[in-house]
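As a plain string of letters, each chain reads:
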Amino acid sequence: MREYLPPPPPESLALSRKARTLTLTDEEGGPLKQIDERDRYWRERRRARTILLLDKGLSIDAAVFQQQIHDSQVSPRRVAT
């Protein structure tokens, strides 16, 4: 059986894995911000928010902690963009 481990405290995120830096242009970031704010599908909003957080320079662990999701949902977003 797999043991559940709670997320690390925020102060420990400074040593977390660092994502490859994303640099979104205004043309790319604008639609993502609209999706994050207005899309009726929560999955699309979460995906857009993940990409925007990674664009701000957050690590994968910080994005996982902030959104309370599993890291397997964040890592593919980094590659997909």
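Computed from a predicted structure; not experimentally measured. (Residues numbered from 1 in each chain as written. Predicted model: local features only at pLDDT ≥ 70, side-chain atom pairs only at ≥ 80, totals over all residues. Heavy atoms only, no water.)

Peer 1: It is not clear to me how the environment of R49 should be interpreted in this structure. Could you clarify?
Peer 2: Note that R49 resides in helix α2 (residues 42-55). Through-space distance from the C-alpha of R49 to that of Q67 is 8.8 Å; in sequence the pair is 18 residues apart. Excluding residues that lie within four positions of it along the chain, R49 makes contacts with D36 and Q67. Separated by 2.9 Å, the side chains of R49 and D36 make a polar contact. (Helix = DSSP H or I, 4+ residues; strand = E, 2+ residues; numbered from the N terminus. Contact = heavy atoms within 4.5 Å. Polar contact = N/O pair within 3.5 Å; in protein donor to acceptor, adjacent residues only side chain to side chain.)

Peer 1: I tried to follow the packing of helix α1 (residues 26-38) against α2 on my own but got confused; where do I start?
Peer 2: The description of two helices packed together rests on the angle between their axes and the distance between the axes. Contact geometry of α1 with α2 gives a least axis separation of 8 Å together with a crossing angle of 135°. The pairing of α1 with α2 is recorded here as oblique in orientation. Both α1 and α2 take part in a crossing whose hand is left-handed. On the side of α1, the interface is formed by G29, L32, K33, I35 and D36, while α2 contributes E44, R45, A48, R49, I51 and L52. Tallied by class, the residues present in the contact of α1 with α2 amount to five nonpolar, one polar and five charged. (Axes fitted to C-alpha atoms, helices over the stretch in contact; angles between N-to-C directions. Parallel < 35°, antiparallel > 145°, perpendicular 65-115°, else oblique. Left-handed = near helix turned anticlockwise from the far one by under 90°. Nonpolar A, V, L, I, M, F, W, Y, C, P; charged D, E, K, R; others polar.)

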